[in-house]
Amino acid sequence: SFLEYFVVEELWQALQQGKGQELVEVWGTCCLTKYPKMPAVISFVAEKLLDISTKELREETIGMLLQTGSSAARSVSARENLLQLIQMSKRERTKGLSPERLQLILNAASNAITVLSKSGFLFSVKAHENPTFFRGIQVPYADLSMAQLWDVDLTDADLSNCLLAGVKLRGANLTRCNMANVDFAQWPMLNFSSGIEALSLTRDGNHMAVAAGHEVLLLLKNNRSSAMWKTDRQLWVSTDLVWSLAWSPDGRHIVGGLSDCTARLWDARTSNAGPVLKGHTGDVASVAWSPDGRQIVSGSWDSTVRLWDAISGNVCTVLKGHTGIVLTVAWSPDG
């Protein structure tokens, strides 16, 4: 937003020029306590702190953002300042506070843990030093993307509405942890009756082909439902397995690499079968379309790569030289 832009511009100009300390202190305190809806400011501060060359200057800078300006306050390490804000949010320390004061503390704690997370802080190390440090903390709406929370005890913590994309939670204790509306940045899971061997999306992302067991299914994106995807129809079923799938660039055709040493084409609109690409002497492990849609490349367990005419199904070229299975094939962008 414009507000976020001007705040970070004022903050950084003041820090860079070594003046405007009062401005930095006032706005820094506001950003960490009164404006939790300004994630760009918090992210900017964290990123800029990583750019600062010396640890001493980095610590002093965060201290300026968190404290009122006294030299004694700024001498405390920035990391400890942030951790103290998080500690202030613990449930046993916020009992009896007015709603306004409580919200102020939760905002500060959420932003503090966000800055630490984006700075690459190892929460697991702190938890090893003090196993109960993070118990009962309240940091709703914090951005903990990629946070290192291995073996951290978060019993009774409030992580509601937090962004947890790529968070490391191995060994973490989440007993009675409030995780309402957390966002792992993942789409809803798709369940099938058989194992998934291959899948492929059209370029517009609205159609998906899935090889599940001995059948190929076509799915449609459903933006009106929380399920996101719905099965349209069965494209093909056989006793053979489909190891790989690929959509043509125009989204009209699908090619699949099979365990019967062939690659097969289907018309995605009508489900009609197209040419069968024969010639490999081993399972076809991978397939890909040329950018112009005129050719198909296939890689096989027979250690060869073959180029095919997508219209006739005739082989164009056989590339030999590999001594093992060719698991993946791809075209260069210019074809």
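All figures in this text were calculated on a predicted structure; none of them were measured in a lab.

Draft legend 1. Quick look at a nonpolar patch on the surface. A cluster of nonpolar side chains, Trp301, Ile325 and Leu327, forms an exposed patch at the surface whose accessible area comes to about 330 Å². Residue class for tryptophan 301 comes out partly exposed when judged on its relative accessible area of 42%.

Draft legend 2. Structural view of the nonpolar core. Membership of the largest hydrophobic core comes to 30 residues, with the highest contact counts inside it found for Ile113, Phe123, Phe134, Ile137 and Leu154. Mapped by element, the contributors of at least two residues to this core are α6 (78-88), α8 (99-118) and α9 (123-129). Here this core takes six residues from α8, the largest share from any one element. Sequence-distant contacts of isoleucine 113, defined by excluding residues within four places in its chain, comprise Ile86, Phe123, Ile137, Val139, Ala142 and Leu144. In this structure, Ala198, Ala209, Leu235 and Ile254 belong to the second largest nonpolar core, which totals 14 residues.

Draft legend 3. Molecular detail of the pattern of salt bridges. Counted by the stated rule, this structure contains six salt bridges. Across the pair aspartate 153 and arginine 135 runs a salt bridge, and its minimum N-O distance is 2.4 Å. Taken together, the positions of aspartate 153 in the loop between α9 and β1 (196-201) and arginine 135 in the loop between α9 and β1 put the pair 18 residues apart, joining distant regions of the chain. For arginine 176, the salt bridge is made with aspartate 156, and the minimal N-O distance between the two is 2.8 Å. Linking arginine 176 in the loop between α9 and β1 with aspartate 156 in the loop between α9 and β1, this pair joins segments that are 20 residues apart in sequence. A relative accessible area of 28% places aspartate 156 in the partly exposed class.

Reading the values: rules and limits
Residues numbered from 1 in each chain as written. Predicted model: local features only at pLDDT ≥ 70, side-chain atom pairs only at ≥ 80, totals over all residues. Heavy atoms only, no water. Patch = residues over 30% accessible without salt bridge, like charges linked within 9 Å, V, L, I, M, F, W, Y side chains within 5 Å. Areas by Shrake-Rupley, 256 points an atom, 1.4 Å probe, with all protein chains shown as cover. Salt bridge = Lys/Arg side-chain N within 4 Å of Asp/Glu carboxyl O. Buried < 20%, exposed > 50% of the residue type's maximum accessible area, 1.4 Å probe, protein only. Core = buried A, V, L, I, M, F, W, Y, C linked by side-chain atoms within 4.5 Å. Helix = DSSP H or I, 4+ residues; strand = E, 2+ residues; numbered from the N terminus. Contact = heavy atoms within 4.5 Å.

What is shown is where atoms sit, not what they do.
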